[in-house]
Amino acid sequence: MKVTVRDLPNAQDTNPRQRQVRLAKPTIDLNTAPYAILLMRVSLGVLFLSHGLLKVFVFTLPGTAQFFGSVGLPGFMAYPVTFLEVFGGIALLLGFYSRWVAIALFPVLLVATFQVHWANGWLFTNENGGWEFPAFFAIATLVQFLLGDGAYALSTRLRQRQ
């Protein structure tokens, strides 16, 4: 099934020819949309999980806390951020309340974008990484919030049992 979105006539329009039809072609294929959402959800889950595990196994939590302090963040925040990234990533992979997990992770990425990477310039290939990737990552997380779980989500199965 495909959904077509068209402009509705405005009651104030006296001349229908002046009204523009912006979207006249099918815009969403409901047969494939859940799989596109699944792909977004799993990609975000892998990214969050890998970033969290990087903090645990490579940088170590004390090292991450020290880095947080060096960029003007409270060092103790390394622990809840790592927890959010690891368990949020797992929840996204499983499709466990993806919408709410994504919106909970969004502020982490805003801080990463503006507090950590902003001064390094736009390109992520700049020294210490620019804000390009974390900003896109933040927007993708916001899109996940707007889209919901997608296909093969644990939350969907849990709701079906109730």
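Calculation notes
- Residues numbered from 1 in each chain as written.
- Predicted model: local features only at pLDDT ≥ 70, side-chain atom pairs only at ≥ 80, totals over all residues.
- Heavy atoms only, no water.
- Phe/Tyr/Trp six-rings, centres within 6.5 Å; stacked < 30°, edge-to-face > 60°.
- Helix = DSSP H or I, 4+ residues; strand = E, 2+ residues; numbered from the N terminus.
- Buried < 20%, exposed > 50% of the residue type's maximum accessible area, 1.4 Å probe, protein only.
- Axes fitted to C-alpha atoms, helices over the stretch in contact; angles between N-to-C directions.
- Left-handed = near helix turned anticlockwise from the far one by under 90°.
- Contact = heavy atoms within 4.5 Å.
- Nonpolar A, V, L, I, M, F, W, Y, C, P; charged D, E, K, R; others polar.

Q: Sorry if this is basic, but what is going on with the packing of aromatic side chains here?
A: Describing an aromatic ring pair means giving the distance of the ring centres and the angle of the ring planes. The final tally for this structure, using the stated rule, is nine aromatic pairs. Ring centres of W100 and F145 lie 5.5 Å apart, and the angle between their planes is 65°; this geometry places the pair in the edge-to-face category. Here the residue W100 occupies a position in helix α4 (residues 98–117), and F145 occupies one in helix α5 (residues 132–147), the gap between them amounting to 45 residues. The exposed category is assigned to W100, whose relative accessible area is 52%. Aromatic side chains F124 and F133 sit 5.5 Å apart centroid to centroid with 55° between the ring planes, which places their arrangement in the tilted category. Note on F124: relative accessible area 36%, which makes it partly exposed. Judged by relative accessible area, which is 27%, F133 ranks as partly exposed.

Q: Would you explain the packing of helix α2 (residues 61–70) against helix α3 (residues 78–94) in this entry?
A: To describe two helices that pack against each other, one gives the angle between their axes and the distance between the axes. Taken N-terminus to C-terminus, the directions of α2 and α3 make an angle of 115°; their axes are 9 Å apart at the nearest point. Here α2 runs over α3; the crossing is right-handed. Here L61, P62, T64, A65 and F68 of α2 lie close against α3, whose contacting residues are A78, Y79, V81 and T82. Per-class residue counts for the contact of α2 with α3 are seven nonpolar, two polar and no charged.

Q: How do you make sense of the side chain of T113 when you look at a structure like this?
A: One can find T113 in helix α4. Apart from the residues within four sequence positions on either side, T113 is in contact with W118, W131, P134 and A135.

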